[in-house]
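Residue-level structural notes
Residues per chain, in single letters:
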Amino acid sequence: MAQAPALPTGFELPLEPRLPRIGSVDAVALEERAESLAKRSIKREAKVWALELAIRTMDLTTLEGADTPGKVAALCSKGVRPDPADPSIPSVAAICVYPNLVPTAKERLRGSGVKVASVATGFPSGQYPTDLKIADARRAVELGADEVDMVIDRGAFLSGRYAKVYDEVVKVKEAVGDAHLKVILETGELGTYDNVRRASLLAMAAGADFVKTSTGKLSSSATLPVALCMLEAVRDVHEETGRMVGFKPAGGVREAKQAIQHLVLVHETLGPEWLTPDLYRIGASSLLNDVLMQLRKQKTGVYQSPDYFTLD
């Protein structure tokens, strides 16, 4: 990171003196390191461990307009027992749904240890008035959500109204209380790595428990360079303040190979301490079946047809 001026006007926050400077991201170096880490090969025993870790850290997600209680109930059953033929396969970390389906998920997951996550604050656009965003997040928790995934107002951020974005994260964090707050940056709309780093630092300064790449509603989502940019911001905040903030890539992670690449990025950038569901999640709607197929191949030496696994 090159030397850079302090945080921009409107971003004079209590944590600012202790946060790393925003800096200017070296795009070439960032992309080269992400590409290099993506080529790391791992042995068979480590691959089984990594695939099972990908499941344990997965937020199994359905965020469609046609979602029904029946679909969510089935997804919850799959999240608790991903492969009924192999009880050694762990449960996922959470099921992520819209707020009105939180009670269904909560009931189906009772006693399982799997968390219920809910999107809020005008997902996916974030273009709601602040009071409605706060009410949206609070209501999700009242309905039973253990975790809330909020979206920042990208329009405010891109027009330089950093204080508004910061203030909304602070207020939403207050509204959700003890529930974990994941702050979605929607990196595909931020335009530059500098903006991704700036938004990551802003969200962490405002109290985010996790920073998350994307809503999954755009074609450009959790790319490896973007993930690395955010992970380096998480690392820098930890080095400066001692605070451990979680990270969640979401959108575009559809194959087991991609999930392992993301795990390698976290291990090499933040260390093994972050490789737990408390500090790392993968947002996924179609990833689980590919991970299950790869696990079956690693354990038996034979690929199973996708038809052996239920559609998410």
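Residues numbered from 1 in each chain as written. Predicted model: local features only at pLDDT ≥ 70, side-chain atom pairs only at ≥ 80, totals over all residues. Heavy atoms only, no water.

Across its full length, the chain carries eleven helices and eight strands. The burial tally for the chain puts 54% of its 312 residues in the buried class. Taking the intrachain contacts of the chain between residues at least 6 apart in sequence as the baseline, contacts between residues at least 24 apart amount to 75%. (Helix = DSSP H or I, 4+ residues; strand = E, 2+ residues; numbered from the N terminus. Buried < 20%, exposed > 50% of the residue type's maximum accessible area, 1.4 Å probe, protein only. Contact = heavy atoms within 4.5 Å.)

Turning to the sheet that holds strand E5 (residues 180-184), a few remarks are in order. Strand order in the open sheet formed by eight strands is E7-E6-E5-E4-E3-E2-E1-E8, with parallel pairing between adjacent strands. Strands at the two margins of the open sheet, each flanked by one partner only, are strand E7 (246-248) and strand E8 (282-284). On average, each strand axis in the sheet is tilted by 25° relative to the strand beside it, whichever way the strands run. Bridging between strand E4 (residues 147-151) and E5 involves five bridges; their strand directions are parallel. Bridging from a neighbouring strand, Asp-149 pairs with Lys-182 of E5. (Pairing = 2+ DSSP bridges. Axes fitted to C-alpha atoms, helices over the stretch in contact; angles between N-to-C directions.)

Contact geometry of helix H5 (residues 130-142) with helix H7 (residues 162-176) gives a least axis separation of 9 Å together with a crossing angle of 30°. When the axis of H5 is compared with that of H7, the two are roughly parallel. Relative to H7, the crossing made by H5 is right-handed. Across the interface between the two elements, Thr-130, Lys-133, Ile-134, Ala-137, Arg-138 and Val-141 of H5 pack against Lys-164, Glu-168, Lys-171, Val-172, Ala-175 and Val-176 of H7. The residue makeup of the contact of H5 with H7, split by class, is six nonpolar, one polar and five charged. (Parallel < 35°, antiparallel > 145°, perpendicular 65-115°, else oblique. Left-handed = near helix turned anticlockwise from the far one by under 90°. Nonpolar A, V, L, I, M, F, W, Y, C, P; charged D, E, K, R; others polar.)

Attention now moves to the packing of helix H2 (residues 44-56) against helix H11 (residues 287-300). Where H2 contacts H11, the axes come no closer than 10 Å and their chain directions differ by 150°. With respect to H11, the axis of H2 lies roughly antiparallel. Considering the relative orientation of H2 and H11, their crossing is left-handed. Where H2 abuts H11, its residues Arg-44, Lys-47, Val-48, Leu-51, Glu-52 and Ile-55 lie against Leu-288, Val-291, Leu-292, Gln-294, Leu-295, Gln-298 and Lys-299.

What follows is about the pattern of salt bridges. Applying the stated criterion across every chain, the model contains 26 salt bridges. Residues Asp-59 and Lys-182 are paired through a salt bridge, measuring 3.3 Å at the closest nitrogen-oxygen approach. With a gap of 123 residues between them, Asp-59 in strand E1 (residues 58-61) and Lys-182 in strand E5 connect regions that are remote in the sequence. Of the charged contacts, one joins Glu-147 and Lys-182 as a salt bridge, the two residues approaching to 2.7 Å between their closest N and O atoms. (Salt bridge = Lys/Arg side-chain N within 4 Å of Asp/Glu carboxyl O.)

With that settled, consider helix H10 (residues 256-269). Look at H10: 20 Å from first C-alpha to last across 14 residues, which is about the 20 Å you get at 1.5 Å a residue. For H10, the buried fraction is high: ten of the 14 residues fall into the buried class. Along H10, the residues that are buried comprise Ala-256, Ala-259, Ile-260, Gln-261, His-262, Leu-263, Val-264, Leu-265, Val-266 and Thr-269. Where H10 is buried, its residues touch helix H1 (27-38), H2, helix H9 (224-241), E8 and H11. With its phi angle positive at about 100°, Gly-271 sits one or two positions after the end of H10. (Expected span 1.5 Å × (residues − 1).)

Let us look at unusual backbone geometry. Leaving glycine aside, a negative phi is the common case for residues, and trans is the common case for peptide bonds. Cis geometry marks the peptide bond from Phe-123 to Pro-124; its omega dihedral reads 0°. Summarising the element assignment, Pro-124 is placed in the loop between strand E3 (115-120) and H5. Located in the positive-phi region is Thr-121, a residue other than glycine, with phi close to 65°. Relative to the helices and strands, Thr-121 is located in the loop between E3 and H5. Residue Glu-186 is not a glycine yet carries a positive backbone phi of 50°. For Glu-186, a relative accessible area of 2% gives the class buried.

With that settled, consider the packing of aromatic side chains. With the rule as written, the count across this model stands at three aromatic pairs. Look at Phe-157 and Tyr-162: their rings are 5.2 Å apart centre to centre, the planes differ by 75°, and that puts the pair in the edge-to-face class. For Tyr-162, a relative accessible area of 12% puts it in the buried group. Pairing Phe-247 with Tyr-280 gives two aromatic rings, centres 6.4 Å apart and planes at 35°, and the pair type is tilted. With Phe-247 in strand E7 and Tyr-280 in the loop between H10 and E8, this residue pair connects regions lying 33 residues apart in the sequence. Phe-247 sits in the buried class, given a relative accessible area of 1%. (Phe/Tyr/Trp six-rings, centres within 6.5 Å; stacked < 30°, edge-to-face > 60°.)

A few words on the pairing of E5. E5 sits mainly inside the fold: four of its five residues count as buried. Bridge count for E5 against strand E6 (residues 210-212) is three bridges, and the pairing is parallel. Looking across to E6, one finds that Ile-184 is bridged to Lys-212. Regarding the hand of the β-α-β motif, the stretch spanning E5, helix H8 (residues 193-205) and E6 is right-handed. (Right-handed = clockwise from strand over helix to strand, strands pointing away.)

All we've got here are geometric facts, nothing functional implied.
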